[in-house]
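Chain and residue survey
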Amino acid sequence: MVVGILAHVDAGKTTLSEALLYTTGQIRALGRVDHQDAFLDTNAMERQRGITIFSKQARIVDGGREVTLLDTPGHVDFSSEMERTLQVLDYAILVVSGTDGVQGHTRTLWRLLKHYHVPAFVFVNKMDLAGADLEGVMAELKRELSDACVDFTEFDATEKGMSELLLENIAVCGEKLLDEYMESGNIALESVAEAIAERRCFPCFFGSALKVEGVEEFWRGFCAFSKEPVYPDQFGGRVYKIGRDERGARLTYLKLTGGAIHTRDKVEHDGNTEKIDQIRLYSGEKYETVDTLVAGQVAAVTGLSFTFPGQGLGALESDNTPVLEPVLNYQMILPPEVNPAEFLKNLRQLEEEDPQLYVVWKEELREIHVQLMGQVQMEVLTNRIKERFGVVVRFGPGNIVYKETIAEPVEGIGHFEPLRHYAEVHLLLTPGERGSGISVDSACSEDVLDKNWQRLIATHVEEREHKGVLTGSGLTDVKFTILTGRAHPKHTEGGDFRQATYRAIRQGLKSTKSVLLEPYYAFTLQVPAENVGRAMTDLEQRFGKMDSPQFWTQGERDMAVITGRAPVATMQDYIREVHAYTKGLGSLLLELSGYDVCHNPLEVIEERGYDSELDFRNPTGSVFCAHGSGFVVPWDEVDRYMHMPRVFQGDMDKETLRAAGLAQKDGFFYDSEGNSFGPGDIAEKRATSWEKTVASMSEVELDAELADVYAREFGMSKSDMEEQQRRKWSKTKEKPAPHTKYDKKGNPIYPTVKRQEEVLIVDGYNIIFAWDELRELAKMNPDAARDSLKDSLCNYLGYRGGRVILVFDAYKVKGNAGKKETYQNIEVVYTGEDETADAFIERTVHDMAERYRVTVATSDGLEQQTVLSLGALRMSARELKEQMERTAREGYETYLEQRGN
């Protein structure tokens, strides 16, 4: 049996764990948190701060019963660590302070216990202190948590008997209990235990963990009213934590929920097959190794490298979506000598160990950002990085983590068709309920699109957090439904559907109304009655929504409590004001209450300055192909080129009708000849018009059409663009800078303008597969092909001068952070996960085009068009090869001439 201890910070949770271990004979002496010698506070930071940061386990063997006790963090900043533990609990012990009563975080814990269906026992601690009121706390538990909270102090653990009052209180917790009591005048222990297991009754005990008062009675009551779970024979397990031992070995903490596992067993999960090297049963800092783990036990196993918290093994499905999410974002500032991209690997290691740590890599800024719960977690993270990696980090000012959703349903269309690639995806984006997150469904027939492709689309929807188009914040509360799609029997690869899916999402977001969301607190504000007016005014100014104040008398003072919700952004420092204007008599309890509509969206959008059209990593348009070359179609023109008709028919606006060559009147649609059309006919007419046009064109006509595309996109032809760029660069060495000085005769002095440095960016794999000799070499040895291209470019640069950047795709390598290296005299870049070479090249050209003379070597027609629009020259693979050969030949001739002289 696995039992977790949960509490609001400083309620005495770890002290109760210590008392239970001492009472059951597991430890010989009591440790204390304030003495820094508690059995379960094994971390130096925990001992220093006096709080639990990481969940720990201890084993209790008592009277033939084995219980694994999990001590969880109580501080709100480490709620996610606690939340993961809830998924493996059979029972929970909720500790409440007898002097503080039910706190804001206590309510959060209660809500999570309900969410995960965990039965709970309540232990009210610190009853030895002045101000602890048993009846008052009991009434608060019933009011704040549940009417089914029952005072079990009258249970006789020795005789296992219950008083008449206790029986009456238990009987009202359910019809079955009431019927049994009315019929027999008694309730069997098994019936009570069943009601507790079904969360229809919550036993409450009182005592002092520090003085070990009431602890033994609580433990005997727990043993009497808890049931040993029955587990299936089929193998199943739940991973709840990832850690590392003192030697750096990776530990997967899991609970076995069915069957058994042994050392050297192979475990299959998420496409991986790994072997268990060791099974450890921890108790505090020490552990014993066993050969077999049976259902119901918790252990740390070694040998599993690809597990993650929340993962289901065997018969269990994964659940890695926490109820609690960080709402504050901070930039991590590294020392100048530390490479952010390389250091990201270390943070990924911490991220898998720490569920509440969210690490975000801002590729466009080359910055690391972390999303945290609060200040305490930030300080702990700083210490962990220093201890583990020897690096001292700082953090920039925090800002709110916003999210985005949509207000209206829309069909998003994504098409990806550069040369020898093909995929089209149609997704229906529907607004979801607040807190529903992202979900995926399919309404597409397998006759239209094979099931495997549909699964791939669903995977690409769920595999990453998609950006909204207002501020670039994460998308949430949207249901995606696969409407239709198309693959090519020869040219379609998995990556094509990734691109088409991403573009369909972005096109849908651009085509509908988006809504900016911000995190909210649920607040409970207690103030003296005379301060109610000030409090309500403050809350209104902070855009809070509140219920009517409730008044009561505390001692000789009239008090009021105000409850409601308010944006996190407006409530950050309000506690200080409360203490000031109430002279220390007021209190403010805050707990996260999900996301809701932002109170100042225009201000936030302007401050963020996000432009979805300049986000090259998340394009909104689609890629189509004609005459052997790909070209980009903006999101609002995709309807003119798409290959499949729309499925979802919302309201048709005038622009859509005009694009289809139609008009609307009397509820019907008509073309110029008076023929009527239904919505489906419109979609088909619009979708197939481009295909029919291209099919009927001659080669000359198609060239003219492509020239029109360039004119429409850039205002000139491709050759015009190249020529204009050459003229612009050639003039940089001739054009004088504005004069600011004069010589003695009064003539202006023109300073010399330095000619722009030449930069050649090479799409590595595109060149390799375009050159026959490298393509054949790559079939036998890809590394040799890459090295051969590197050497050729080094020789070329030696003759030509300037700068060469060679880019290789590595976006399909899972967990890859990307790498840059210097090979002799050239720069070599391996892109990171989910970043193609094209995306890196486009971003680099955008950053360098104003300062350098940039040429991009690639035979990808789409990429050539893109870099031209960004201000670079393009060079095909054939042209690069010819130029390199010519340069080498000229260099050799120069060498012979010099030798002859």
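Remember, it's a predicted structure, so these values are computed and weren't measured experimentally.

Procedures and definitions
- Residues numbered from 1 in each chain as written.
- Predicted model: local features only at pLDDT ≥ 70, side-chain atom pairs only at ≥ 80, totals over all residues.
- Heavy atoms only, no water.
- Helix = DSSP H or I, 4+ residues; strand = E, 2+ residues; numbered from the N terminus.
- Areas by Shrake-Rupley, 256 points an atom, 1.4 Å probe, with all protein chains shown as cover.
- Axes fitted to C-alpha atoms, helices over the stretch in contact; angles between N-to-C directions.
- Parallel < 35°, antiparallel > 145°, perpendicular 65-115°, else oblique.
- Left-handed = near helix turned anticlockwise from the far one by under 90°.
- Contact = heavy atoms within 4.5 Å.
- Nonpolar A, V, L, I, M, F, W, Y, C, P; charged D, E, K, R; others polar.
- Expected span 1.5 Å × (residues − 1).
- Buried < 20%, exposed > 50% of the residue type's maximum accessible area, 1.4 Å probe, protein only.
- Salt bridge = Lys/Arg side-chain N within 4 Å of Asp/Glu carboxyl O.
- Polar contact = N/O pair within 3.5 Å; in protein donor to acceptor, adjacent residues only side chain to side chain.
- Pairing = 2+ DSSP bridges.
- Core = buried A, V, L, I, M, F, W, Y, C linked by side-chain atoms within 4.5 Å.
- pLDDT = per-residue confidence, 0-100.

Scanning the chain from terminus to terminus reveals 26 helices and 46 strands. About 43,000 Å² of surface is accessible on the chain, with carbon and sulfur atoms providing 47% of the total.

All right, on to the packing of helix α7 (residues 175–184) against helix α8 (residues 189–197) then. Where α7 meets α8, the closest approach of the two axes is 10 Å, and the angle between their N-to-C directions is 165°. With respect to α8, the element α7 is oriented roughly antiparallel. Judged by the twist between their axes, the crossing of α7 over α8 is left-handed. Contacts between α7 and α8 involve Lys176, Leu177 and Glu180 on the former and, on the latter, Ser191, Val192, Glu194 and Ala195. For the contact of α7 with α8, a count of residues per class yields 3 nonpolar, 1 polar and 3 charged.

Along its 12 residues, helix α4 (residues 104–115) runs 17 Å from first to last C-alpha, staying within 8% of the 16 Å computed at 1.5 Å per residue. Along α4, 9 of the 12 residues are buried, which leaves the element largely enclosed by surrounding structure. Following α4 by one or two positions, His117 has its phi on the positive side, about 55°.

Throughout the structure, instances matching the rule amount to 38 salt bridges. A salt bridge links Asp783 to Arg786; its shortest N-O distance comes to 2.1 Å. With Asp783 and Arg786 both in helix α23 (residues 782–800) and 3 residues apart, this pair spans about one turn of that helix. Here the salt bridges do not stand alone but share partners, grouping Arg534, Asp538, Arg542 and Glu577 into one network.

Right, let's talk about α23 for a bit. The terminal C-alpha atoms of α23, which comprises 19 residues, lie 27 Å apart, in line with the 27 Å expected from a rise of 1.5 Å per residue. Residues of α23 that are buried: Ala785, Arg786, Leu789, Lys790, Leu793, Cys794, Tyr796 and Leu797. Its side-chain oxygen 3.1 Å from the backbone nitrogen of Asp783, Asn781 forms the N-cap of α23. Downstream of α23 by a residue or two, Gly801 has a phi angle that is positive, lying close to 80°.

The next thing to look at is the sheet that holds strand β45 (residues 853–857). The strands making up a sheet are joined through hydrogen bonds of the backbone, oriented either antiparallel or parallel. The strand order β43-β44-β42-β41-β45-β46 describes an open sheet built from 6 strands, whose pairing is mixed. Two strands close off the open sheet at either side, each with one partner strand: β43 (819–823) and β46 (873–875). On average, each strand axis in the sheet is inclined to that of its neighbour by 20°, with strand direction left out of account. Of the pairings in the sheet, the one linking strand β41 (residues 758–763) to β45 comprises 5 bridges and is parallel in character. By the bridge assignment for β45, Leu760 is matched with Thr855. Each of β41, β42 (803–808), β43 and β44 (826–830) is contacted by α23, which is oriented at about 165° to β42, the strand it contacts most.

This part is about the nonpolar core. Counting 79 residues, the largest nonpolar core has Leu20, Leu141, Phe152 and Phe225 as its most contacted members. Not counting the four nearest positions on each side in its chain, Phe152 is found in contact with Leu166, Ile170, Val192, Cys201, Pro203, Cys204, Phe205 and Phe225. Judged by nonpolar contacts, the second largest core, of 49 residues, contains Met378, Val527, Met571 and Ala817.

Here the focus is the pairing of strand β34 (residues 622–626). Across the 5 residues of β34, 4 count as buried, placing the element largely inside the fold. One ladder, built from 5 bridges, connects β34 with strand β35 (residues 629–633); its direction is antiparallel. Following the sheet pairing, Ala626 is matched in β35 by Ser629. In sequence, β34 turns back onto β35 through a hairpin of 2 residues, with His627 there showing a positive phi of about 60°.

The strand order β14-β13-β16-β9-β8-β17 describes an open sheet built from 6 strands, whose pairing is antiparallel. Every other strand in the sheet has two partners, leaving β14 (286–290) and β17 (312–314) as the edge strands with one partner each. Adjacent strand axes in the sheet meet at a mean angle of 40° when their direction is disregarded. Direction of pairing for strand β9 (residues 250–258) relative to strand β16 (residues 298–302): antiparallel, over a ladder of 4 bridges. The partner of Thr252 across the bridge, within β16, is Val301. The strands touched by helix α10 (residues 340–353) within the sheet are β8 (236–244) and β9, with β8 carrying the most contacts at an inclination of about 135°.

When pLDDT is averaged across the chain, the result is 81; 81% of the residues are at 70 or more. Here helix α18 (residues 679–695) stands out as the element of the chain with the lowest mean pLDDT, 42, in contrast to strand β23 (residues 403–406), whose mean of 96 is the highest. Counting interchain partners and residues more than four positions distant, the pLDDT-below-50 stretch residues 49–53 has 24 contacts. For residues 750–755, every residue scores under 50 in pLDDT, and the model assigns this stretch 11 contacts once sequence neighbours within four places are set aside.

Glancing now at the environment of Val623. When you line up the elements, Val623 lands in strand β34. Spatially, the C-alpha atom of Val623 lies 9.9 Å from that of Glu424, the residues being 199 residues apart in sequence. Discounting residues that sit within four places of it in the chain, Val623 has contacts with His415, Phe416, Glu417, Pro418, Arg503, Phe631 and Leu862.

The general pattern is negative phi for most residues beyond glycine and trans for most peptide bonds. Unlike most non-glycine residues, Arg199 shows phi in positive territory, near 60°. Checked against the element boundaries, Arg199 lands in the loop between α8 and β7 (202–206). A residue is classified by how much of its surface remains accessible, and Arg199, at 18% relative accessible area, is buried. With phi around 60°, Phe543 is a residue other than glycine that occupies positive phi space. Its location among the elements puts Phe543 in the loop between α14 (532–541) and β30 (545–546).

The element β8 is extensively covered by neighbouring structure, given that 8 of its 9 residues are classed as buried. For β8 and β9, the ladder comprises 8 bridges, and the chain directions are antiparallel. From the neighbouring strand, Lys241 faces β9, where its bridge partner is Tyr253. Turn length for the β8-β9 hairpin, with the two strands adjacent in sequence and antiparallel, is 5 residues, and the turn residue Gly248 shows positive phi of about 90°. Sheet analysis places β8 next to β17, joined by 3 bridges and oriented antiparallel. From the neighbouring strand, Gly236 faces β17, where its bridge partner is Gly314.

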